[in-house]
Amino acid sequence: MDSTELQRVGAEALVARAAFYTSAAKAENTQRSYASDMKKFTTWAAKNGMPSLPTSAEVLACYVAALADSGKKVATIERAIAGIVASHRSARLDLPRGRALDEAMVGIRRTLGTAQEGAPPIVAADLRRMVDSCGRDPQGLLERAVLLIGWVGSFRRSEIVSLRVEDVTTTRHGIEIVLRQSKTDQNGESRTVGLPNSADVDMCPRQALVAWLSMMKIESGLIFPMTDAEVNRVVQRVGGRVG
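Every residue gets a number counted from 1 within its own chain, in the order that chain's sequence is written. In view of the model being predicted, local features appear only for residues whose pLDDT reaches at least 70, and side-chain atom pairs are presented and counted only at 80 or more, with totals across whole chains, interfaces and linings using the full set of residues. As a rule here, side-chain values cover all heavy atoms of the structure and leave hydrogens and water aside.

A.B. asks: Looking at this model, I keep getting lost on the overall build of the protein chain. Mind explaining?
C.D. replies: Counting its regular elements, the protein chain contains nine helices and three strands. Here a residue-residue contact requires only that any non-hydrogen atoms of the pair lie within 4.5 Å. Sequence separation of at least 24 residues holds for 64% of the intrachain contacts in the protein chain that already meet a minimum separation of 6. All accessible-area figures derive from a Shrake-Rupley calculation using a 1.4 Å probe, and residue coverage is judged against the displayed protein chains alone. Just so you have it, the protein chain exposes about 13,200 Å², and 55% of that area is on carbon and sulfur atoms. Only DSSP runs of H or I covering at least 4 residues are called helices, and only runs of E covering at least 2 are called strands; the numbering of each starts at the N terminus.

Printed below as a string of C-alpha coordinates:
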(Lines give C-alpha, C1' and ligand atoms only; values in the text may rest on other atoms or scores of the structure.)
Protein backbone atom coordinates (compact mmCIF):
# COMPACT_ATOMS: atom_id res chain seq x y z
CA MET A 1 0.00 0.00 0.00
CA ASP A 2 1.57 3.30 -1.11
CA SER A 3 1.54 6.56 0.85
CA THR A 4 -1.44 7.96 -1.08
CA GLU A 5 -3.52 4.90 -0.28
CA LEU A 6 -2.48 5.07 3.37
CA GLN A 7 -3.56 8.70 3.54
CA ARG A 8 -6.93 7.84 1.99
CA VAL A 9 -7.55 4.99 4.43
CA GLY A 10 -6.48 7.19 7.32
CA ALA A 11 -8.84 9.97 6.24
CA GLU A 12 -11.74 7.54 5.93
CA ALA A 13 -11.04 6.24 9.44
CA LEU A 14 -11.07 9.79 10.83
CA VAL A 15 -14.38 10.53 9.11
CA ALA A 16 -15.85 7.32 10.52
CA ARG A 17 -14.73 8.22 14.05
CA ALA A 18 -16.11 11.73 13.69
CA ALA A 19 -19.46 10.29 12.61
CA PHE A 20 -19.41 7.93 15.60
CA TYR A 21 -18.88 10.75 18.09
CA THR A 22 -21.46 12.95 16.39
CA SER A 23 -23.99 10.13 16.68
CA ALA A 24 -23.09 9.62 20.33
CA ALA A 25 -23.58 13.33 21.03
CA LYS A 26 -27.01 13.28 19.40
CA ALA A 27 -28.00 10.22 21.43
CA GLU A 28 -26.84 11.86 24.67
CA ASN A 29 -28.68 15.11 23.88
CA THR A 30 -31.82 13.17 23.04
CA GLN A 31 -31.70 11.26 26.33
CA ARG A 32 -31.32 14.51 28.25
CA SER A 33 -34.29 16.01 26.39
CA TYR A 34 -36.39 12.91 27.05
CA ALA A 35 -35.52 12.96 30.76
CA SER A 36 -36.46 16.63 30.97
CA ASP A 37 -39.77 16.03 29.19
CA MET A 38 -40.61 13.13 31.51
CA LYS A 39 -39.79 15.22 34.59
CA LYS A 40 -42.12 18.00 33.43
CA PHE A 41 -44.89 15.48 32.75
CA THR A 42 -44.42 13.85 36.16
CA THR A 43 -44.75 17.24 37.84
CA TRP A 44 -47.89 18.07 35.88
CA ALA A 45 -49.44 14.66 36.56
CA ALA A 46 -48.78 14.90 40.31
CA LYS A 47 -50.28 18.39 40.42
CA ASN A 48 -53.42 17.16 38.66
CA GLY A 49 -53.75 13.85 40.52
CA MET A 50 -52.99 11.69 37.47
CA PRO A 51 -50.61 8.73 37.02
CA SER A 52 -47.32 9.39 35.25
CA LEU A 53 -45.44 6.06 35.11
CA PRO A 54 -47.27 4.16 33.90
CA THR A 55 -49.76 6.53 32.36
CA SER A 56 -52.43 6.13 29.69
CA ALA A 57 -53.29 7.58 26.29
CA GLU A 58 -56.21 9.40 27.90
CA VAL A 59 -53.99 11.11 30.49
CA LEU A 60 -51.42 11.93 27.83
CA ALA A 61 -54.16 13.46 25.68
CA CYS A 62 -55.02 15.77 28.60
CA TYR A 63 -51.36 16.68 28.97
CA VAL A 64 -50.81 17.56 25.31
CA ALA A 65 -53.98 19.66 25.42
CA ALA A 66 -52.52 21.54 28.39
CA LEU A 67 -49.27 22.06 26.51
CA ALA A 68 -51.15 23.38 23.48
CA ASP A 69 -53.18 25.73 25.66
CA SER A 70 -49.98 27.04 27.23
CA GLY A 71 -48.64 28.06 23.81
CA LYS A 72 -46.27 25.19 23.08
CA LYS A 73 -45.54 24.45 19.42
CA VAL A 74 -46.52 21.21 17.72
CA ALA A 75 -42.88 20.07 17.46
CA THR A 76 -42.37 20.65 21.20
CA ILE A 77 -45.51 18.68 22.05
CA GLU A 78 -44.48 15.78 19.80
CA ARG A 79 -41.04 15.71 21.42
CA ALA A 80 -42.70 15.58 24.85
CA ILE A 81 -44.74 12.56 23.76
CA ALA A 82 -41.59 10.87 22.47
CA GLY A 83 -39.86 11.41 25.81
CA ILE A 84 -42.75 10.01 27.82
CA VAL A 85 -43.09 7.00 25.52
CA ALA A 86 -39.33 6.40 25.74
CA SER A 87 -39.53 6.36 29.56
CA HIS A 88 -42.27 3.72 29.40
CA ARG A 89 -40.28 1.67 26.92
CA SER A 90 -37.17 1.80 29.14
CA ALA A 91 -39.26 0.66 32.11
CA ARG A 92 -40.78 -2.13 29.98
CA LEU A 93 -44.27 -0.78 30.53
CA ASP A 94 -47.17 -0.66 28.09
CA LEU A 95 -46.79 2.35 25.84
CA PRO A 96 -49.34 5.13 26.43
CA ARG A 97 -50.62 5.22 22.88
CA GLY A 98 -54.18 5.01 21.64
CA ARG A 99 -57.07 6.70 19.94
CA ALA A 100 -57.51 9.40 22.59
CA LEU A 101 -53.95 10.65 22.11
CA ASP A 102 -54.02 10.30 18.31
CA GLU A 103 -57.24 12.29 18.00
CA ALA A 104 -55.99 14.96 20.40
CA MET A 105 -52.84 15.39 18.30
CA VAL A 106 -54.80 15.59 15.05
CA GLY A 107 -56.85 18.40 16.57
CA ILE A 108 -53.75 20.16 17.89
CA ARG A 109 -52.00 19.99 14.52
CA ARG A 110 -55.08 21.31 12.78
CA THR A 111 -55.54 24.12 15.33
CA LEU A 112 -51.94 25.20 15.85
CA GLY A 113 -50.81 24.26 12.37
CA THR A 114 -47.41 23.19 11.14
CA ALA A 115 -45.21 24.77 8.52
CA GLN A 116 -46.43 23.54 5.12
CA GLU A 117 -43.73 25.00 2.88
CA GLY A 118 -45.90 27.91 1.77
CA ALA A 119 -48.85 25.81 0.62
CA PRO A 120 -52.32 27.23 1.34
CA PRO A 121 -54.18 25.25 4.03
CA ILE A 122 -56.92 22.79 3.11
CA VAL A 123 -59.95 23.02 5.40
CA ALA A 124 -62.09 20.00 6.29
CA ALA A 125 -64.98 20.91 3.98
CA ASP A 126 -62.61 21.30 1.02
CA LEU A 127 -60.90 18.02 1.86
CA ARG A 128 -64.21 16.17 1.75
CA ARG A 129 -65.00 17.51 -1.72
CA MET A 130 -61.48 16.76 -2.95
CA VAL A 131 -61.54 13.17 -1.69
CA ASP A 132 -65.01 12.61 -3.17
CA SER A 133 -63.64 13.64 -6.57
CA CYS A 134 -60.97 10.90 -6.51
CA GLY A 135 -61.60 7.80 -8.58
CA ARG A 136 -60.86 4.15 -7.78
CA ASP A 137 -58.19 3.78 -10.46
CA PRO A 138 -54.47 3.98 -9.54
CA GLN A 139 -54.39 7.77 -9.99
CA GLY A 140 -57.49 8.22 -7.84
CA LEU A 141 -56.18 5.95 -5.10
CA LEU A 142 -52.87 7.83 -5.10
CA GLU A 143 -54.66 11.16 -4.83
CA ARG A 144 -56.88 9.92 -2.00
CA ALA A 145 -53.95 8.47 0.00
CA VAL A 146 -51.76 11.55 -0.43
CA LEU A 147 -54.57 13.90 0.57
CA LEU A 148 -55.78 11.98 3.63
CA ILE A 149 -52.41 10.94 5.02
CA GLY A 150 -50.95 14.37 4.38
CA TRP A 151 -53.90 16.24 5.90
CA VAL A 152 -54.51 14.07 8.98
CA GLY A 153 -50.79 13.84 9.72
CA SER A 154 -50.09 17.50 8.85
CA PHE A 155 -47.12 16.25 6.84
CA ARG A 156 -44.94 18.42 4.65
CA ARG A 157 -44.54 17.43 1.02
CA SER A 158 -40.96 16.39 1.77
CA GLU A 159 -42.22 14.15 4.58
CA ILE A 160 -44.90 12.56 2.40
CA VAL A 161 -42.39 11.47 -0.24
CA SER A 162 -40.04 10.06 2.41
CA LEU A 163 -42.63 7.73 3.98
CA ARG A 164 -41.70 4.04 3.82
CA VAL A 165 -43.77 0.89 4.26
CA GLU A 166 -41.36 -0.28 6.96
CA ASP A 167 -42.14 2.80 9.05
CA VAL A 168 -45.89 2.16 9.22
CA THR A 169 -47.45 0.16 12.04
CA THR A 170 -51.11 -0.81 12.04
CA THR A 171 -52.94 -0.67 15.36
CA ARG A 172 -56.58 -1.22 16.27
CA HIS A 173 -56.91 2.55 16.57
CA GLY A 174 -55.41 3.39 13.17
CA ILE A 175 -51.84 3.63 11.93
CA GLU A 176 -48.61 4.97 13.39
CA ILE A 177 -46.00 6.41 11.06
CA VAL A 178 -42.37 6.97 12.01
CA LEU A 179 -40.89 10.10 10.45
CA ARG A 180 -37.14 9.73 10.37
CA GLN A 181 -35.00 12.83 10.88
CA SER A 182 -37.94 15.20 10.66
CA LYS A 183 -37.11 18.87 10.12
CA THR A 184 -39.22 19.73 13.15
CA ASP A 185 -36.72 17.99 15.45
CA GLN A 186 -33.58 20.02 16.10
CA ASN A 187 -31.60 16.89 16.95
CA GLY A 188 -32.64 15.18 13.72
CA GLU A 189 -34.30 12.33 15.59
CA SER A 190 -37.34 10.41 14.39
CA ARG A 191 -40.86 11.02 15.68
CA THR A 192 -44.02 8.93 15.56
CA VAL A 193 -47.29 10.33 14.29
CA GLY A 194 -50.58 8.56 14.98
CA LEU A 195 -53.37 8.72 12.38
CA PRO A 196 -56.66 7.50 13.91
CA ASN A 197 -59.24 5.50 12.02
CA SER A 198 -62.29 7.32 10.73
CA ALA A 199 -65.83 5.94 11.00
CA ASP A 200 -66.28 7.28 7.47
CA VAL A 201 -64.45 4.71 5.34
CA ASP A 202 -64.02 7.16 2.45
CA MET A 203 -62.20 9.62 4.76
CA CYS A 204 -60.07 7.08 6.63
CA PRO A 205 -56.30 7.46 6.09
CA ARG A 206 -55.69 3.82 6.98
CA GLN A 207 -58.18 2.59 4.39
CA ALA A 208 -56.73 4.94 1.77
CA LEU A 209 -53.20 3.70 2.46
CA VAL A 210 -54.18 0.02 2.33
CA ALA A 211 -56.06 0.52 -0.95
CA TRP A 212 -53.10 2.29 -2.57
CA LEU A 213 -50.50 -0.26 -1.42
CA SER A 214 -52.71 -3.18 -2.46
CA MET A 215 -53.46 -1.75 -5.90
CA MET A 216 -49.78 -1.07 -6.64
CA LYS A 217 -48.53 -4.21 -4.83
CA ILE A 218 -46.09 -2.12 -2.77
CA GLU A 219 -44.73 -4.28 0.06
CA SER A 220 -41.56 -2.41 0.99
CA GLY A 221 -39.70 0.82 0.33
CA LEU A 222 -41.24 4.17 -0.50
CA ILE A 223 -45.01 4.42 -0.17
CA PHE A 224 -45.24 7.26 -2.67
CA PRO A 225 -42.39 7.02 -5.22
CA MET A 226 -42.65 10.65 -6.28
CA THR A 227 -41.05 14.06 -5.76
CA ASP A 228 -42.13 17.06 -3.67
CA ALA A 229 -43.19 18.82 -6.87
CA GLU A 230 -45.34 15.85 -7.93
CA VAL A 231 -47.14 15.91 -4.57
CA ASN A 232 -47.86 19.59 -5.14
CA ARG A 233 -49.22 18.80 -8.61
CA VAL A 234 -51.50 16.11 -7.13
CA VAL A 235 -53.01 18.65 -4.71
CA GLN A 236 -53.34 21.28 -7.44
CA ARG A 237 -54.94 18.80 -9.87
CA VAL A 238 -57.55 17.64 -7.36
CA GLY A 239 -58.16 21.20 -6.18
CA GLY A 240 -58.71 22.26 -9.75
CA ARG A 241 -61.40 19.61 -10.20
CA VAL A 242 -63.51 20.88 -7.32
CA GLY A 243 -62.89 24.58 -7.91
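A.B. asks: Whenever I open this one, the nonpolar core confuses me. Can you help?
C.D. replies: Side chains of nonpolar character tend, in soluble globular proteins, to be buried together. Put simply, buried Ala, Val, Leu, Ile, Met, Phe, Trp, Tyr and Cys residues joined by side-chain atoms within 4.5 Å make one nonpolar core. Summary of the burial criterion: residues with accessible area below 20% of their type's maximum are buried, those above 50% are exposed, and those between are partly exposed, where the area comes from a 1.4 Å probe applied to protein chains only. Counting 38 residues, the largest nonpolar core has Phe-155, Trp-212, Ile-223 and Phe-224 as the members making the most contacts within it. Broken down by secondary-structure element, the contributors of at least two residues to this core are α5 (124-132), α6 (138-153), β2 (174-179), β3 (191-196), α8 (205-216) and α9 (228-242). The leading source of residues in this core is α6, at nine residues. Leaving out residues up to four positions away in the same chain, Phe-224 has contacts with Leu-142, Ala-145, Val-146, Ile-149, Ile-160, Val-161, Leu-163 and Trp-212.

A.B. asks: Just to check I follow, could you spell out the packing of aromatic side chains for this structure?
C.D. replies: The relation between two aromatic rings is expressed through the spacing of the ring centres and the mutual angle of the planes. Pairing of aromatic rings covers Phe, Tyr and Trp, the last through its six-membered ring, and needs centres within 6.5 Å; plane angles under 30 degrees mean stacked, over 60 mean edge-to-face, and all others mean tilted. This structure, assessed with the given rule, holds four aromatic pairs. Grouping aromatic residues by their ring pairs yields a cluster made of Phe-41, Trp-44 and Tyr-63.

A.B. asks: What is the right way to read the side chain of Glu-159 from this model?
C.D. replies: With respect to the element layout, Glu-159 can be found in helix α7 (residues 157-160). For Glu-159, a relative accessible area of 6% corresponds to the buried category.

A.B. asks: So what exactly am I meant to see when it comes to α9 here?
C.D. replies: Residue pairs spaced three or four apart in an α-helix point in one direction, given the helix's 3.6 residues per turn. With 15 residues, α9 should cover 21 Å at 1.5 Å per step; its first-to-last C-alpha distance of 22 Å lies within 8% of that length. Packing partners of the buried residues in α9 comprise α5, α6 and α7. Just past α9, the residue Gly-243 takes up positive phi, approximately 80°. To estimate how far a helix should extend, the number of its residues minus one is multiplied by 1.5 Å.

A.B. asks: Could you clarify how one ought to interpret the pattern of salt bridges in this entry?
C.D. replies: Close approach of charged atoms allows side chains of opposite charge to pair. One side-chain nitrogen of Lys or Arg within 4 Å of one carboxyl oxygen of Asp or Glu is enough to make a salt bridge. With the rule as written, the count across this model stands at twelve salt bridges. The closest approach of N and O atoms between Arg-241 and Glu-143, which form a salt bridge, is 2.8 Å. Here Arg-241 is found in helix α9, whereas its partner Glu-143 is found in helix α6, with 98 residues between them in sequence. Residue class for Arg-241 comes out partly exposed when judged on its relative accessible area of 38%. For Glu-143, a relative accessible area of 1% corresponds to the buried category. Arg-164 is the salt-bridge partner of Glu-166, the closest N and O atoms lying 3.7 Å from each other. One salt-bridge network, held together by shared partners, links Arg-128, Asp-132 and Asp-200.

A.B. asks: When you look at the sheet that holds strand β1 (residues 168-171) in this model, what are you seeing that I'm missing?
C.D. replies: Pairing between the strands of a sheet comes from backbone hydrogen bonds, and it takes one of two forms, parallel or antiparallel. Here the rule is simple: two strands pair whenever DSSP picks up at least two bridges between them. Here we have three strands laid out as an open sheet, ordered β1-β2-β3, and antiparallel in their pairing. Looking along the sheet, the strands with just one partner apiece sit at the ends: β1 and β3. Averaged over all pairs of adjacent strands, the angle between their axes in this sheet comes to 20°, without regard to strand direction. Where β2 meets β3, six bridges bridge the pair, whose relative direction is antiparallel. Each residue of the ladder has a partner; that of Ile-177, found in β3, is Val-193. Between N-to-C directions, angles span 0 to 180 degrees; the directions come from axes that are lines fitted to C-alpha atoms, helices contributing only their stretch in contact. Packed on one face of the sheet, α6 meets β2 and β3 and runs near 115° to β3.

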